[in-house]
Amino acid sequence: MTFVAPCAPDTSAGRTGARPAAALTAVRTAPTILDGIRRADALAAAAREEPDAALPVLVEEIRRGEDQLAVLAAVHALAAVPGSRPDALLTALLDDGRAWVREHTAWSLAGRPPVVRAVPVLTHLVAGGGFPGMLAQRTLQAWAPAAADPVSDALVHALAGTSEPGARARLTETVGLVPGSGATGLLRALAGDPAEDHAVRGAALEALVERHHEDPEGVPGLGDLAAECARAGGALASVARLARAELEAGPAAPPPAGSGPAVLQAFLHAEIDRDLTFSGRGDNGGIATLLAQLGDALAAHRPGHGTGVGRVVTVSRGSHDEARAALPGLAGPGHVFGVVPFQGAPVPLAEAWPRRVAAERGLRRALRAAGPVDVVHLRMADVGSLVVAAVAAEQGIPRVLTMAPDPHALVAAREAAGTLTREGFGAADAVEHLWFRVRLLADLAAGAEHLVLFPRPDLARDARELLGLDPDAPGRCTVVPEGIDLDSVDRAAAQAGAGAGRELEELDAVLAGLPASRRGLPLVVTVGRLHRVKGTAHLVEAWAADEQLRARCNLLVVGGNLAHPSADEREQLERIDAAVPLAQAAARGLLLAGHRPHGTVAVWLAAVRRGRPGLAAARGAYVCASVKEEFGVALVEALASGLPVVAPAAGGPATFVQEGLTGVLVDTRDPAALSRGAARALDLAAAPGAEDAAAAAYATVRERFSIEGMAQALTVVYGRVAAAATDRSPTP
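Residues numbered from 1 in each chain as written. Predicted model: local features only at pLDDT ≥ 70, side-chain atom pairs only at ≥ 80, totals over all residues. Heavy atoms only, no water.

A word on the nonpolar core. Residues Leu58, Leu264, Leu401, Met403, Phe425, Trp435 and Phe436 are the most contacted members of the largest nonpolar core, which totals 138 residues. Other than its neighbours up to four places away in sequence, Phe436 contacts Trp107, Phe131, Met134, Leu135, Arg138, Trp353 and Leu386. Within the second largest apolar cluster, 72 residues are counted, among which are Phe267, Ile272, Phe705 and Leu714. (Core = buried A, V, L, I, M, F, W, Y, C linked by side-chain atoms within 4.5 Å. Buried < 20%, exposed > 50% of the residue type's maximum accessible area, 1.4 Å probe, protein only. Contact = heavy atoms within 4.5 Å.)

Taking strand neighbours across the sheet as the criterion, the six strands line up as S10-S9-S8-S11-S12-S13 in an open arrangement whose pairing is parallel. If you trace the sheet from one side to the other, it starts and ends with strand S10 (590-594) and strand S13 (663-666), each paired once. Each strand axis lies, on average, 25 degrees off the axis of its neighbour in the sheet, ignoring direction. One ladder, built from five bridges, connects strand S8 (residues 523-527) with strand S9 (residues 554-558); its direction is parallel. Following the sheet pairing, Val524 is matched in S9 by Leu555. On the sheet, helix H29 (residues 598-610) packs against S8, S9, S10 and strand S11 (621-623) and is oriented at approximately 155 degrees with respect to S8. Sheet strands in contact with helix H31 (residues 671-686) are S8, S11, strand S12 (645-648) and S13, and its direction is about 170 degrees off that of S13. (Pairing = 2+ DSSP bridges. Helix = DSSP H or I, 4+ residues; strand = E, 2+ residues; numbered from the N terminus. Axes fitted to C-alpha atoms, helices over the stretch in contact; angles between N-to-C directions.)

For the rest of this paragraph, the subject is the pattern of salt bridges. All chains considered together, the criterion is met by 38 salt bridges. For Arg317, the salt bridge is made with Glu271, and the minimal N-O distance between the two is 2.6 Å. With Arg317 in strand S2 (residues 311-318) and Glu271 in the loop between strand S1 (262-267) and helix H15 (286-299), the pair connects residues that are 46 residues apart, well separated along the chain. Owing to a relative accessible area of 9%, Arg317 belongs among the buried residues under this scheme. For the salt bridge of Arg669 with Asp667, the shortest nitrogen-to-oxygen distance reads 3.1 Å. By relative accessible area, which is 36% here, Asp667 ends up partly exposed. Put simply, Glu206, Glu210, Glu246, Arg356, Glu360, Arg364, Arg365, Arg368 and Glu394 are held in one network by salt bridges that share partners. (Salt bridge = Lys/Arg side-chain N within 4 Å of Asp/Glu carboxyl O.)

Glancing now at the layout of surface pockets. The calculated volume of the second largest pocket comes to roughly 710 Å³. Elements with a minimum of two residues in the lining of the second largest pocket: helix H2 (33-49), helix H6 (99-108), helix H8 (130-143), helix H17 (356-370), helix H18 (383-395) and helix H21 (434-447). Broken down by element, the lining of the second largest pocket gets its largest block of residues, seven residues, from H21. Tallied by class, the residues present in the lining of the second largest pocket amount to 13 nonpolar, five polar and ten charged. (1 Å grid on protein atoms, 1.4 Å probe; cavity = no way out; pocket = protein on both sides within 12 Å on 5 of 7 lines; lining within 4 Å. Points joined across faces, edges and corners; volume = space filled by probe spheres on them. Nonpolar A, V, L, I, M, F, W, Y, C, P; charged D, E, K, R; others polar.)

Moving on to helix H13 (residues 222-230). Along H13, the positions that sit buried rather than exposed are Leu222, Leu225, Ala226, Ala227 and Cys229. Buried-residue contacts for H13 involve helix H11 (181-191), helix H12 (198-214) and helix H14 (234-248).

With burial as the criterion, each face of strand S5 (residues 399-402) is covered, one bearing Arg399 and Leu401 and the other bearing Val400 and Thr402. Two elements, strand S4 (residues 375-379) and S5, share four bridges in a ladder whose sense is parallel. Within S5, the residue paired with Arg379 across the bridge is Thr402. This β-α-β element, S4 to H18 to S5, shows right-handed connectivity. Across three bridges, the pairing between S5 and strand S6 (residues 450-453) is parallel. Bridging from a neighbouring strand, Val400 pairs with His450 of S6. (Right-handed = clockwise from strand over helix to strand, strands pointing away.)

Shown next as structure tokens:
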């Protein structure tokens, strides 16, 4: 349906104040989409202060719908207007024919007092799942303390009306957000019902464990219920085993006296272990590598012997059994790893928003086991940061935020290219949630005690234009480049020089697929996730289309789960297959090696530089075809390995790639520029001064981009933030 106002607008109201109309005009005439989103705040403020003047203006804008950016700004402004008429208008918008309007309405309602007539519609959205379901669930959660009975009644009614397990599990999870004994009783019934799907029973059991920690007397017999669920077997048994382990665990030991601050870092879309076993699979990209190596570097310096961080807790995703196995070690010293479990198969980062509540519960569990944490470090405008920020706020833990212009840079680039417009913004937003992510980053920044920025060629300009941030505000921001573990680079170089070892045998097995006619060529290598943002298929297409480049080198692609690809990986593999049929890939010079442990990749990079006797010539190159890179850990590792690199001209790489000496900066969206860049990088690798350039690149990395240097810079930040929080704490 199309939005229609319940009654005709009162045009006389517009004469009482011009501020709302002017604020809406400012949104419409904003020079960029990002400016338009920022100006929506002023529109909401004007609507709140002059509701009579605002209502007809907002209603008319939503009805017309020509400028979708302005429509969404009007929806959020409407939610700022007090009174029963906006309640009716917003409830009607929950049934609007435009999906993007429904989403933003469900989101904006969270800031209003409960609207009882909207509760059943929001409950229906929860049952439907996806991003709209997450937004509706957040609103019901916000309303539940003041409207427990209407919310609970709507959830009971919805459960009675659906038998689909996924919908029932989402509704059950939401029941766990409603206070009161009635909701507890319903959860007990659902968890103990053998006729229910395991996902439903598991959601109920996890909600009950959370309630137990809030009020141990309020959920009697929970241990027996968990034991009963464990006997059911299957997926429910894993949930129940974790529940029993959590219920039986004692309190975490206090930290040693005089230890430095404890830091929590989380990335809930990857499986992170100290050995980086899963690098390049699914969402296990550069951020997973960084957190594992950074945590080790931070924890390696004890108080009085360097950085002064007491301990580091790194939390990532995994199974319930993995979370149970990790619990006892979370209170240990040094760098420890925790797991936030989810029911069902892993999902890509962009589809993980509906796991918000499960992530919050898993993070609280990890924090209870780990003991006191003094600082949390947030990265990325994703559901993981949304969750960590919420839990940190409720527990009074100060936050540090690495503030990268994402999705800001993407929005700006697409608007400049004409692929994202104001007129089509709502439809794009319904898929990519751009507005929510932009506002999430702003909220994370507002709640953070300190901001960390990446180096960029024009940092001050980008911070102001993309992020709306003043990087020169005293004591607010610190520029910290990311770093890599140079010890692993050195070990890899030594192994490649010796010419033997398991990692080289694995590389040789991959290279053995090449026909004899292509075994004397150097390698162009790319490492990373198989994802459109990383441009893997785009690189293959560019290489395949350039006959001279194909004749000059073989292309080695390291990354992706080839045996069991995710949806994103399948999309890339299908594009690759269209460019170079997978059955003929090796014969044509394309080598798909799949994901490999990080240590293996380091050895392979060194081998690409040195060559492999009888299989690949020396003097290869590295190509990063990413649409964007805020920094680029893999690029820095390739540079430290002595490989000339091709990198995106925009973003962080321009701060460390020396054009024409250590690499080439190109517009990676342009296939011809990408293939020319690869050819130029091969020229640099074969140039007379290549060894000197490689030595200079290594020296630059050691001086500016070591993981130890990053750890030292961040520990100064953590120490100041933790000390300031201690100073603000009330004296007992």
